[in-house]
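Coordinates in review
For reference, the chains in residue letters:
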Amino acid sequence: MNLSKDTTVPLRVENRSTDAQHILVHADRSAERIRSLKYGDTFAVFNHFGDMRLIPSGEEGLYLDGTRFLSTFMLYLDGFRPLLLGSTVRDDNDQLIVTLTNPDLFVDGELCLPANSLHISKRAFLLDAVCYVEIRVENYSGQLVDPVLTLSVAADFKDIYEVCGMAREKHG
């Protein structure tokens, strides 16, 4: 496939490449780390990707007054999780900053966008019982691409004690 600077391409990840010298990048191998923010009675627990996943033993989510209002907040690039470059919570615990990039992306079996062509930055902060997340995508590939960013969100409204594993007889 010949890509000019003005070609828009739908992208997806596959496990093949015709270039014997190219090493495919499609999975992140780093261990999960928790990142948390607090502002007044609101706190948020993210993984180091800046996501919140609903997992059985997980405390990730957005909480207000002891209730988890947001249990899932996941970012996908063309249906796949971006690769982590780094993440940090600022010293004053007021912002989470995450930098991500794309894996190798293919169209019809051909590598169309090599890994590390897109720079994705996420900045999350809490203010007055609201969690704000800013997402930016910068293209360094030199070609026009049309990736699909998807946010998956869910709420379970669980009490913090339920999240920690305690059972309730009934809910109010």
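Residues numbered from 1 in each chain as written. Predicted model: local features only at pLDDT ≥ 70, side-chain atom pairs only at ≥ 80, totals over all residues. Heavy atoms only, no water.

1. Examining the packing of aromatic side chains
The geometry of an aromatic ring pair is captured by two quantities: the separation of the ring centres and the angle between the planes. Across all of its chains, the model carries three aromatic pairs by this definition. Taken together, a centroid distance of 4.6 Å and an interplanar angle of 5 degrees make the contact between Phe 43 and Tyr 63 stacked. Of this pair, Phe 43 sits in strand β2 (residues 42-47) while Tyr 63 sits in strand β3 (residues 61-64), and the two are 20 residues apart along the sequence. For Tyr 63, a relative accessible area of 2% translates into the label buried. A centroid spacing of 5.2 Å and a plane angle of 20 degrees characterise the contact between Phe 125 and Tyr 132, whose relative ring orientation is stacked. Judged by its relative accessible area of 22%, Phe 125 falls in the partly exposed class. Take Tyr 132: its relative accessible area is 37%, and that puts it in the partly exposed class. (Phe/Tyr/Trp six-rings, centres within 6.5 Å; stacked < 30°, edge-to-face > 60°. Helix = DSSP H or I, 4+ residues; strand = E, 2+ residues; numbered from the N terminus. Buried < 20%, exposed > 50% of the residue type's maximum accessible area, 1.4 Å probe, protein only.)

2. Some remarks on the nonpolar core
In globular proteins that are soluble, nonpolar side chains generally tend to be buried together. Ranked by size, the top nonpolar core spans 21 residues in total, and within it Leu 37, Ala 44, Phe 46, Met 52, Leu 62, Leu 96 and Leu 100 carry the most contacts. For this core, the elements supplying multiple residues, two or more each, are β2, β5 (72-77), β7 (96-101) and β10 (118-127). The dominant element in this core, judged by the number of residues it contributes, is β10, at four residues. In contact with Leu 37, other than residues within four places in its own chain, are Thr 42, Phe 43, Ala 44, Phe 46, Val 89, Asn 93, Asp 94, Gln 95, Leu 96, Ala 124, Phe 125 and Leu 126. (Core = buried A, V, L, I, M, F, W, Y, C linked by side-chain atoms within 4.5 Å. Contact = heavy atoms within 4.5 Å.)

3. What about the sheet that holds strand β13 (residues 158-159)?
Overall, antiparallel pairing links the five strands, which are arranged β1-β2-β3-β4-β13 in an open sheet. What marks the edges here is a single partner per strand, and that holds for β1 (34-39) and β13. (Pairing = 2+ DSSP bridges.)

4. Some details on the confidence of the model for the protein chain
Considering every residue of the protein chain, the mean pLDDT works out to 83; 80% of them sit at 70 or more. The secondary-structure element of the protein chain with the lowest mean pLDDT is helix α1 (residues 160-163), recorded at 84, while β7 shows the highest, at 98. Here residues 1-11 scores under 50 on pLDDT; set against residues more than four positions off or in separate chains, the count is 29 contacts. (pLDDT = per-residue confidence, 0-100.)

5. Here's the deal with a nonpolar patch on the surface
Taken together, the side chains of Tyr 39, Leu 127, Val 130 and Tyr 132 present a nonpolar region at the surface, about 320 Å² in accessible area. By secondary structure assignment, the location of Tyr 132 is in strand β11 (residues 130-139). (Patch = residues over 30% accessible without salt bridge, like charges linked within 9 Å, V, L, I, M, F, W, Y side chains within 5 Å. Areas by Shrake-Rupley, 256 points an atom, 1.4 Å probe, with all protein chains shown as cover. Salt bridge = Lys/Arg side-chain N within 4 Å of Asp/Glu carboxyl O.)

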